[in-house]
Every structure is written in C-alpha cells, then in structure tokens.
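# Structural features, examined
Now for the letters of each chain:
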Amino acid sequence: MARHIKKLIVLFGLICAVQTSSAQLGFSHEIGAFVGAVAFQSDFGVRRDFETNSGNTGVALGIVHYINFAYRADCNCYSTDTYFNDHFKLRSEISWNKTSLDHFGKWVDDARTSVEADKLRAHTGEAQNWDIGMQLEYFPRSIRAFSAGAYSFAPFVAVGAHFVSFNPDVETSYGDGNFLNNDNFYSFWDAASGGDPFISAESGSTWSVVASLGTRYKLTILSDLFVELRWQYYFDDFIDGLNHKLPSNKAKDWNLWLNFGYIYYLD
C-alpha cells in the first residue's frame, strides 16, 4: 500500500508543478470541496439489477482546484478574449471513496437454499480508493458572464483521467472463514478461473477515465455551489477484490458518483 501512496505523492507533485506554471502565467485559481455518494458497479450481485445497484453504494469526499483561464490574477483583469479562455477550466482533484459490497439478486434470494447460495450470502467485500487526477471542464455558456452574475446557473461537461490507489477488503463467514480458501466461495468462479486467482485483498494501483455532467450555481461573486454526476471506469477488475470469469463479468469495475460541492474564487 505504501508503494501506491508514493505514486500518488509523485503524481500530486507533478500536478502542483502544472498549477505553479499556470500561476506564473497569471491565470486565477479556485479551490473547493465536495461530498457525494457512489454506486459501485462490480462483480458482486447481478448486473443491471436495481437491488444490486441501490445496495452497493458508498460515500465520497474530495478536494478540488481549478485554473480559471478567463481571469488574470496578476492584473486583476480579464484575460485575452478567446473561446477557450471563456469556456474551459482545468480541474485537479484528490478524492476518496469507500463502498461496502454484498451480493443481491436472484442468486441469493431467500427461496434458494443451496450450498452455492449460502456461499454467496456469506461473501462480502469493500472497495476503498484514493484518486488523484485532472479533468478539462467545458462550459457552453460564457464563464465571464457567469462570474459577473449575468446568470445563476453554468452547466458543464468534463472528461479526464485519474490515477487510483485501491485497497479492497474480502470477507466470508462460510466454512473456515478463510478468504484464501477457494472452497469457501462460489464454486462456479473457481471452475471458470482456469487456475487464476479470482479473489484478492491485495492493494494496487491503476488508471481510470472519468466523464462528468453537472452545473454550477452562483452563490456570491466569489463562491459557487456545484452538483455533478460522474462516471468512472477503472482499468483493473480487482478494485472490488473479485474478478471471476463467468460470462456475466463482461466489463471491468466502474462506478457512478453524485457529488455536491462548494467552490471559492481565490483571485
């Protein structure tokens, strides 16, 4: 885990260097924080099942920083009036999310009394991740006009990439309770694995892509509220500690965030 934290620190240093370079160019800055909920789409439960999607939800916290290209802090004036400066912001972020995971759906229905159903019901997990990364946000309406209070809402869309340090937890109350014993888990996973591990509580790191849709609300001249819905796709399938090879496992782990935050204009 320490090795992955070191990677986060190095990447954070690179992002800080980007922010420092932007400051030297005179662009203004914004800082903020958010709290939210995440719906984790993993190998637990049944895909496209409402009970699974609503049951495997968790919490998220984050700190954000924006480079505002529309305004120059060094002269207390607007920057050159270009389309990019008036419609784009660069966002950097450090965030954390945690989700408790369980099996839901027809395979663990109370009517099922088989050994396999008991193994699924006994299996629980937890996904816990640290993120650091950047997004480019696009505002269809003028950033300058919004900053001046010409209108109250500023919708945006964004795309970006995050580096992720993940630390899953795996537990089972079946048999001897040892998560290293494959006999304590759903036997069809073992049969389909071809000898490869399908359960892992090891921490690791990976990259992910993110895409967001949201809006800002002008609270005061120097502060905004925001809400966003964000999709995040991981390039690793052990984020949740489970990676079975049954046909139902057609995609790597991903999640949906619903965030509510506050932003303050520094310059």
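My aim in this report is to walk through the structure given alongside it, one point at a time. Just so it is clear, the model here is predicted, and its values are computed rather than measured.

Turning our attention to the pattern of salt bridges. In this structure the tally under the stated criterion is 13 salt bridges. Notably, a salt bridge pairs E137 with R91, separated by 3.2 Å at the nearest N-O pair. Separated by 46 residues along the polypeptide, E137 in strand β5 (residues 123-138) and R91 in strand β4 (residues 88-101) bring together distant segments of the chain. Each member of the pair E137 and R91 is classed as buried. Here E228 and R230 are joined by a salt bridge, their closest N and O atoms 3.8 Å apart. For E228, a relative accessible area of 1% corresponds to the buried category. We classify R230 as buried; its relative accessible area is 0%. Beyond isolated ion pairs, a larger network of salt bridges with shared partners links E30, K89, R216, K218 and D224.

On to the packing of aromatic side chains, then. Scanning all chains against the criterion turns up 15 aromatic pairs. Here F34 and F226 contribute two aromatic rings whose centre-to-centre distance is 6.5 Å and whose plane-to-plane angle is 70°, an arrangement assigned as edge-to-face. Placement of the pair is F34 in strand β1 (residues 27-41) and F226 in strand β9 (residues 223-234), with a sequence separation of 192 residues. Side by side, F34 and F226 carry an identical accessibility label, which is buried. Of the aromatic side chains, those joined through ring pairs into one cluster are F69, F84, F88 and Y138. Taking NZ or CZ as reference, R216 lies 4.5 Å from the ring centre of Y66, over its face.

Reading guide: rules and limits
- Residues numbered from 1 in each chain as written.
- Predicted model: local features only at pLDDT ≥ 70, side-chain atom pairs only at ≥ 80, totals over all residues.
- Heavy atoms only, no water.
- Salt bridge = Lys/Arg side-chain N within 4 Å of Asp/Glu carboxyl O.
- Helix = DSSP H or I, 4+ residues; strand = E, 2+ residues; numbered from the N terminus.
- Buried < 20%, exposed > 50% of the residue type's maximum accessible area, 1.4 Å probe, protein only.
- Phe/Tyr/Trp six-rings, centres within 6.5 Å; stacked < 30°, edge-to-face > 60°.
- Lys NZ or Arg CZ within 6 Å of the ring centre and 35° of its normal.

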